[in-house]
Amino acid sequence: MKILITFFIVFSTYSMECVSHSLKEIGFSFATKKEFSVIESDLDKWIKENQDDFILDYQSRMFSSVHKKFVSVLSLDNIQTSEEEMFGDLILIRDLASGDLLEARWYKYGLKIIAFDRKKANCPVAVVPIAVNTLF
C-alpha cells in the first residue's frame, strides 16, 4: 500500500488538472452543505469519540499542485471497517507550515466523501485513487 501512496504523491506533484470529475466517476461525493469549519469540527469529534477505533495508517508530506506548496497527509484507519471494504477511512490534508486543514476525505456508512476549504482552493488535491477501497 505504501508503494501505491508514494506513486500518488509523485503523480500529484505533476498533475495540474482539477480532479473533481474523476473523483465523482469513481464514487466520491462532495460535502458542500456545511461550512468547512463545521465539517472539520464534526470530523474532530468523530475521531475523539472513537479514538480507540482509529489507528495511524500513513503520515507523510507531499507537494500539492493545487495549493502550490507542501502539505501534510495523515491517513487514519478505522479498525471497525474491514480492509476489503476500505483501507484508510480518513485522510486529513493540512498546510505544512500552519497546520490548517485544507481537505478531508472519509469513508462512513458506505459513502466516500471529500470536503475541501473552498476559500483556499478551487479543487481537491490532485490525487485520484486507482483502487475502489482507498481514499487517496
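Residues numbered from 1 in each chain as written. Predicted model: local features only at pLDDT ≥ 70, side-chain atom pairs only at ≥ 80, totals over all residues. Heavy atoms only, no water.

1. Some points on the confidence of the model for the protein chain
The pLDDT averaged across the protein chain works out to 88; a share of 88% of its residues lies at or above 70. Looking over the protein chain, one finds the lowest element-wise mean pLDDT in helix H1 (residues 2-14), namely 47, and the highest in strand S4 (residues 90-95), namely 97. Contacts for the low-pLDDT stretch residues 3-15, under 50 throughout, to residues beyond four places or in other chains number 22 contacts. (pLDDT = per-residue confidence, 0-100. Helix = DSSP H or I, 4+ residues; strand = E, 2+ residues; numbered from the N terminus. Contact = heavy atoms within 4.5 Å.)

2. Description of the packing of aromatic side chains
One pass over the structure, following the stated rule, counts three aromatic pairs. Summarising the aromatic geometry, the rings of Phe30 and Phe116 are spaced 6.3 Å apart at their centres and angled 85 degrees between planes, so their arrangement reads as edge-to-face. Of this pair, Phe30 sits in strand S1 (residues 28-30) while Phe116 sits in strand S6 (residues 111-116); the two residues are 86 residues apart in sequence, bridging distant segments of the chain. For Phe30, a relative accessible area of 17% gives the class buried. By relative accessible area, Phe116 is classed as buried at 5%. When the centroid spacing of 5.6 Å and the interplanar angle of 75 degrees are considered together, the rings of Phe63 and Phe70 count as edge-to-face. Residue Phe63 is classed as partly exposed on the basis of its relative accessible area, which comes to 26%. With a relative accessible area of 44%, Phe70 lands in the partly exposed category. Directly above the ring of Phe70 sits Arg61, whose terminal nitrogen or CZ lies 5.7 Å from the centroid. (Phe/Tyr/Trp six-rings, centres within 6.5 Å; stacked < 30°, edge-to-face > 60°. Buried < 20%, exposed > 50% of the residue type's maximum accessible area, 1.4 Å probe, protein only. Lys NZ or Arg CZ within 6 Å of the ring centre and 35° of its normal.)

3. Notes on the environment of Ala31
Mapped onto the fold, Ala31 is located in the loop between S1 and helix H3 (36-49). Judged by relative accessible area, which is 22%, Ala31 ranks as partly exposed. When the C-alpha atoms of Ala31 and Ile113 are compared, they prove to be 6.5 Å apart, with 82 residues separating the residues in sequence. Ignoring anything within four residues of it in the chain, the contact list for Ala31 reads Ile39, Trp106, Ile113, Ile114 and Ala115.

4. Some details on unusual backbone geometry
Negative phi characterises most residues that are not glycine, and trans characterises most peptide bonds. We note that Lys68 has phi near 60 degrees; this positive angle belongs to a residue other than glycine. Topologically, Lys68 is positioned in the loop between strand S2 (54-64) and strand S3 (69-78). At Tyr109, a position not held by glycine, the phi torsion is positive, near 55 degrees. Inspection of the secondary structure assignment puts Tyr109 in the loop between strand S5 (101-108) and S6. Under the relative-accessibility criterion, Tyr109 is labelled exposed at 75%.

5. Some thoughts on the pairing of S5
With seven of its eight residues buried, S5 lies for the most part within the structure. Sheet topology places S4 next to S5; five bridges connect them, and they run antiparallel. Within S5, the position partnered with Arg94 by the bridge is Leu101. Here S4 folds back onto S5, and the loop between the two strands holds five residues, one of which, Gly99, carries a positive phi near 85 degrees. Of the pairings in the sheet, the one linking S5 to S6 comprises six bridges and is antiparallel in character. The partner of Ala104 across the bridge, within S6, is Ala115. Linking two consecutive strands that pair antiparallel, namely S5 and S6, is a turn of two residues; a positive phi of about 55 degrees is found at Tyr109 within it. (Pairing = 2+ DSSP bridges.)

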